[in-house]
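Listed here are the chains, written in short residue letters.
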Amino acid sequence: MEKVIGIDLGTTNSCVAIVENGTPVVIPNRGGYKTTPSMVAVTEAGKRLVGHIAKRQAITNAENTVYAAKRLIGRKWNSPQVKNAVATSSYRIVEGPHNDVRIVLRDKEFSVPEISAMVLQEMKVIAEDYLGETVSKAVVTVPAYFNDNQRQATKDAGEIAGLDVIRIINEPTAAALSYGFGRNIEKTVAVYDFGGGTFDISILEIGAHGVFKVIATAGDTFLGGEDVDARIIDWLVSGFKEEHGIDLRQDRMALQRLKDAAEKAKCELSSVRETEVNLPFIISSGRNEALHLQRTLTRQTLEELSDDLIERTVDICKQTLEDAKLGKDEVEEVVLVGGMTRMPKIQQSVQSFFEKEPNKGVHPDEVVALGAAIQGAALVDDKQEMVLLDVTPHALGIMTFGSYFEELIPQNTTVPTHRTKIFTTSRDNQTAVKILVMQGESQRAEENELLGEFILTGLRRAPKGQVEIEVTFEINADGIVSVRAKDLETGLEQSIQVTATSGLTKDEIKSMMENAKDDLVDRRTSEEFEAAKQEAEKLIGEIEKLFPQVQQIVASSDFGRDAIEKAKAIVDKARAAIEKRDAAAVKEQIEGLTRTHRMFKGVVAKT
Ligand code: AMP
């Protein structure tokens with residue numbers, strides 16, 4: 001049977017695994033390490049270095065050594081995340097020809113997928129050395145919260161590396177696969193994954209016979225250990241500036257040394273209470289005098305410096321539980337994944353939020369690659385009983401008349417899936433419509449990510465609203481999106497498979513949106529929606545009238561406060577559905593509103 005490797009392409013480190021004789025194993029690299037730094041460098045002689053050897057020379061070759069390229073993959077040049085990376089990286093990041101990002105190493109520009117490809121290729125070679133044969137197929141993991149562009153760019157990296165990426169899977173899902181593999185358990189688990197560059201949380205139901213169903217997922221693709229390191233660097237730099245009046249950021253080599261020292265101190269503080277940062281000869285003062293940096297960092301200071309970052313992960317957990325419609329007590333196990341979960345403060349925060357001790361039984365650096373290998377083996381071996389049902393992390397939809405984002409596939413929908421909605425023309429005698437395909441959570445189209453566009457032409461001339469266009473979205477198991485639009489009367493059809501849009505500049509996108517405005521489809525204001533809206537608004541009005549009274553009566557008990565919070569959430573959701581003019585979603589909320597109204601009336605009647 002063909003061998004498929006599983007690769008965890010991490011921000012800081014990467015890891016490769018394979019299933020051998022039914023057992024998933026991590027493949028060590030030539031140095032015997034199970035993880036390899038996701039670092040790439042070019043030496044003065046033009047030689048490419050990847051992994052540990054790139055890391056070892058990073059200080060003396062800071063400008064030509066790339067780390068954390070994953071933070072840039074699939075991102076546009078003008079994005080705030082790229083601006084942040086440009087300001088803080090020791091290597092040069094420049095604008096590419098298509099509003100994309102390029103990294104300059106020894107005067108040569110590389111795209112981000114090319115850099116990631118070098119890391120993937122290294123992982124491929126590590127596997128080939130170990131297996132003694134060539135490997136061409138891989139399952140590669142990505143943060144659950146990656147959007148379509150970031151996923152596509154990762155797939156491109158695989159292709160550049162000469163790998164057939166047979167499936168892209170989400171990191172926390174892979175971790176859950178590894179956690180549940182061969183244990184025949186039935187459990188609801190939360191996977192809290194805090195790595196070098198990204199944070200993800202996924203809530204899954206692990207069922208009998210190897211069924212892994214993701215219920216909800218969320219995260220932040222720019223929140224990780226790198227940000228904690230950056231806080232330590234800021235603290236060191238500002239302390240040094242106060243003392244010597246010199247900004248260490250001006251010196252790339254100093255910056256790279258600071259980065260190493262910050263990460264080292266952070267890791268040490270997971271086991272000791274204080275550590276010394278000692279960087280002799282960090283810079284020379286104008287008077288030819290070498291200056292040293294020496295400062296003691298305590299665990300408490302580190303916790304203060306990173307407190308808001310940890311809080312952000314907890315807020316995301318809270319939101320995800322709400323999305324999953326689960327209480328904390330319904331999550332039976334919390335699995336910690338990612339190197340950052342070794343930090344005691346993170347473990348404490350997770351424990352106090354979920355009100356249970358998290359499971360530290362899985363190896364945080366290896367579990368994701370192991371899960372990818374398990375999925376890889378299952379894809380080529382029909383005998384393996386395993387079903388993986390993942391969800392789409394972002395809502396998908398189109399831009400409609402008035403620059404609204406009309407959602408077709410909601411966030412956290414199980415994939416593969418397809419959804420259809422009917423739209424109408426927005427102008428009299430409109431003969432063409434433009435379909436702008438978008439991904440995101442905002443109701444305002446321009447705040448979401450544009451994935452692609454196409455035009456359906458040759459429509460029958462008719463007054464506005466009379467030509468009906470059926471739009472169908474489809475997401476396959478790889479998470480790749482395709483969209484189809486059809487004129488219901490003539491059967492005329494157009495479709496696209498959405499691929500990465502790094503070929504568009506921000507201005508192009510802006511003008512595309514601007515130009516498209518007149519040719520957009522309109523939302524259908526159906527009687528169905530109006531009826532649902534009326535009913536929902538009536539219930540909201542009555543609930544709100546009872547609110548102050550109910551609050552007074554029940555606010556003294558935990559149960560009562562909880563009920564009030566839930567009621568508020570239901571009202572908010574109903575309002576959002578009305579705002580979106582989504583008949584189905586409003587109807588969904590009516591049940592909750594009716595229940596809340598009944599409960600409120602009951603509470604008031606009893607007193
Ligand atoms: P990952 O992306 O899962 O490989 O996680 C890497 C991140 O975990 C990096 O930011 C590391 O600095 C961080 N990390 C690794 N070990 C520790 C540790 N003992 N304490 C705190 N952070 C750690």
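Quantities reported herein were computed from a predicted structural model and do not represent experimental measurements.

Cut-offs applied
- Residues numbered from 1 in each chain as written.
- Predicted model: local features only at pLDDT ≥ 70, side-chain atom pairs only at ≥ 80, totals over all residues.
- Heavy atoms only, no water.
- Helix = DSSP H or I, 4+ residues; strand = E, 2+ residues; numbered from the N terminus.
- Buried < 20%, exposed > 50% of the residue type's maximum accessible area, 1.4 Å probe, protein only.
- Contact = heavy atoms within 4.5 Å.
- Near = heavy atom within 4 Å.
- Polar contact = N/O pair within 3.5 Å; in protein donor to acceptor, adjacent residues only side chain to side chain.
- Areas by Shrake-Rupley, 256 points an atom, 1.4 Å probe, with all protein chains shown as cover.
- Nonpolar A, V, L, I, M, F, W, Y, C, P; charged D, E, K, R; others polar.
- Domains from an automatic or database assignment.
- Pairing = 2+ DSSP bridges.
- Phe/Tyr/Trp six-rings, centres within 6.5 Å; stacked < 30°, edge-to-face > 60°.
- Lys NZ or Arg CZ within 6 Å of the ring centre and 35° of its normal.
- Salt bridge = Lys/Arg side-chain N within 4 Å of Asp/Glu carboxyl O.
- Axes fitted to C-alpha atoms, helices over the stretch in contact; angles between N-to-C directions.
- Parallel < 35°, antiparallel > 145°, perpendicular 65-115°, else oblique.
- Left-handed = near helix turned anticlockwise from the far one by under 90°.
- 1 Å grid on protein atoms, 1.4 Å probe; cavity = no way out; pocket = protein on both sides within 12 Å on 5 of 7 lines; lining within 4 Å.
- Points joined across faces, edges and corners; volume = space filled by probe spheres on them.

**A few points about the environment of Asp 390**
Consideration 1: Turning to its location among the elements, Asp 390 is positioned in strand β19 (residues 387-391).
Consideration 2: What makes Asp 390 buried here is its relative accessible area of 11%.
Consideration 3: Measuring from C-alpha to C-alpha, the distance between Asp 390 and Asn 412 comes to 8.4 Å, with 22 residues separating the pair along the chain.
Consideration 4: Every residue in contact with Asp 390, bar those within four places of it in the chain, is listed here: Asn 170, Thr 173, Val 214, Thr 413, Thr 414 and Val 415.

**Observations concerning the site of the ligand**
Consideration 1: Of all residues adjacent to the ligand, which total 13 residues, the nearest are Gly 196, Glu 263, Lys 266, Ser 270 and Gly 339.
Consideration 2: Here a nitrogen atom of the ligand sits 3.1 Å away from a polar atom, N or O, in the side chain of Arg 342.
Consideration 3: When the ligand sits alone it has 510 Å² of accessible area, and the protein chains cover 87% of it.
Consideration 4: Examining the composition of the shell around the ligand, we find that three residues originate from one element, helix α7 (residues 252-268), more than from any other.
Consideration 5: Here the residues of the shell around the ligand are counted per class, giving two nonpolar, eight polar and three charged.
Consideration 6: Taken domain by domain, the makeup of the shell around the ligand includes at least three residues from each of domain 1 (4-224 + 308-389) and domain 2 (225-306).

**A few points about the sheet that holds strand β22 (residues 414-415)**
Consideration 1: An order of β18-β13-β14-β15-β19-β22 is seen for the six strands of this open sheet, with the pairing classed as mixed. Each edge of the open sheet carries a strand with a single partner, namely β18 (333-337) and β22.
Consideration 2: Pairing of β19 with β22, which is carried by two bridges, proceeds in the antiparallel orientation. Within β22, the residue paired with Asp 390 across the bridge is Val 415.

**A look at the packing of aromatic side chains**
Consideration 1: Evaluated as defined, the whole model comprises six aromatic pairs.
Consideration 2: Relative to Phe 600, the ring of Phe 547 has its centre 5.5 Å away and its plane inclined at 85°; by these criteria the two rings are edge-to-face. With Phe 547 in helix α12 (residues 527-554) and Phe 600 in helix α14 (residues 583-606), this residue pair connects regions lying 53 residues apart in the sequence.
Consideration 3: Phe 547 gets classed as buried once you look at its relative accessible area, which sits at 11%.
Consideration 4: A relative accessible area of 1% means that Phe 600 is categorised as buried.
Consideration 5: Aromatic ring contacts, followed pair by pair, group Tyr 192, Phe 194 and Phe 199 into a single cluster.
Consideration 6: Against the face of Trp 235 rests Arg 295, its NZ or CZ located 3.7 Å from the ring centre.
Consideration 7: Over the face of the ring belonging to Phe 353 we find Lys 328, whose NZ or CZ atom lies 4.5 Å from the ring centre.

**What about the pattern of salt bridges?**
Consideration 1: All chains considered together, the criterion is met by 28 salt bridges.
Consideration 2: Close ionic contact of Asp 227 with Arg 71 constitutes a salt bridge, the shortest N to O distance being 2.7 Å. Placement of the pair is Asp 227 in helix α6 (residues 225-244) and Arg 71 in the loop between β7 (65-66) and α2 (80-88), with a sequence separation of 156 residues. For the pair Asp 227 and Arg 71, a shared accessibility class is recorded, and that class is buried.
Consideration 3: With a shortest N-O distance of 4.0 Å, Glu 591 and Arg 595 are connected by a salt bridge. With Glu 591 and Arg 595 both in helix α14, this residue pair falls four residues apart, about one helical turn.
Consideration 4: For Glu 591, a relative accessible area of 55% gives the class exposed.
Consideration 5: Beyond isolated ion pairs, a larger network of salt bridges with shared partners links Arg 30, Glu 122 and Asp 129.

**A short note on the packing of α6 against helix α8 (residues 299-323)**
Consideration 1: Viewed as axis vectors pointing N to C, α6 and α8 meet at an angle of 130°, and their least axial separation amounts to 10 Å. Considering their axes alone, α6 and α8 lie oblique with respect to each other. Considering how the two elements wind past one another, α6 and α8 form a crossing that is right-handed. Judged by residue contacts, Asp 227, Val 228, Arg 231, Ile 232 and Trp 235 of α6 engage Thr 301, Leu 302, Leu 305, Ser 306, Asp 308 and Leu 309 from α8.
Consideration 2: Among the residues forming the contact of α6 with α8, the class breakdown is six nonpolar, two polar and three charged.

**A look at the domain arrangement of the protein chain**
Consideration 1: Partitioning the protein chain into structural domains gives domain 1 (4-224 + 308-389), domain 2 (225-306), domain 3 (396-498) and domain 4 (506-606).
Consideration 2: Taking only C-alpha atoms, the centre of domain 1 and the centre of domain 4 are 37 Å apart.

**Remarks on the sheet that holds strand β5 (residues 40-42)**
Consideration 1: Strand order in this open sheet of three strands is β6-β5-β7, and the pairing throughout is antiparallel. In this open sheet, the two edge strands, each paired with only one partner strand, are β6 (48-50) and β7.
Consideration 2: Inspection of the sheet shows β5 paired to β6 by three bridges, in the antiparallel sense. Counterpart to Ala 41 in the pairing with β6 is Leu 49.
Consideration 3: In the packing of helix α3 (residues 112-131) onto the sheet, the strands contacted are β5, β6 and β7, and the crossing angle to β6 comes to about 65°.

**Details of empty space enclosed by the protein**
Consideration 1: All chains considered together, the criterion is met by two cavities of 30 Å³ or more.
Consideration 2: Its volume calculated, the largest cavity comes out at about 60 Å³.
Consideration 3: Residue lining of the largest cavity: Leu 9, Gly 10, Thr 11, Ser 38, Ala 68, Ala 69, Lys 70, Ile 115, Ser 116 and Val 119, and that is the complete set.
Consideration 4: The element best represented in the lining of the largest cavity is α3, accounting for three residues.
Consideration 5: A per-class count over the lining of the largest cavity returns five nonpolar, four polar and one charged.
Consideration 6: Estimated volume of the second largest cavity: approximately 40 Å³.
Consideration 7: For the lining of the second largest cavity, a count of residues per class yields four nonpolar, three polar and one charged.

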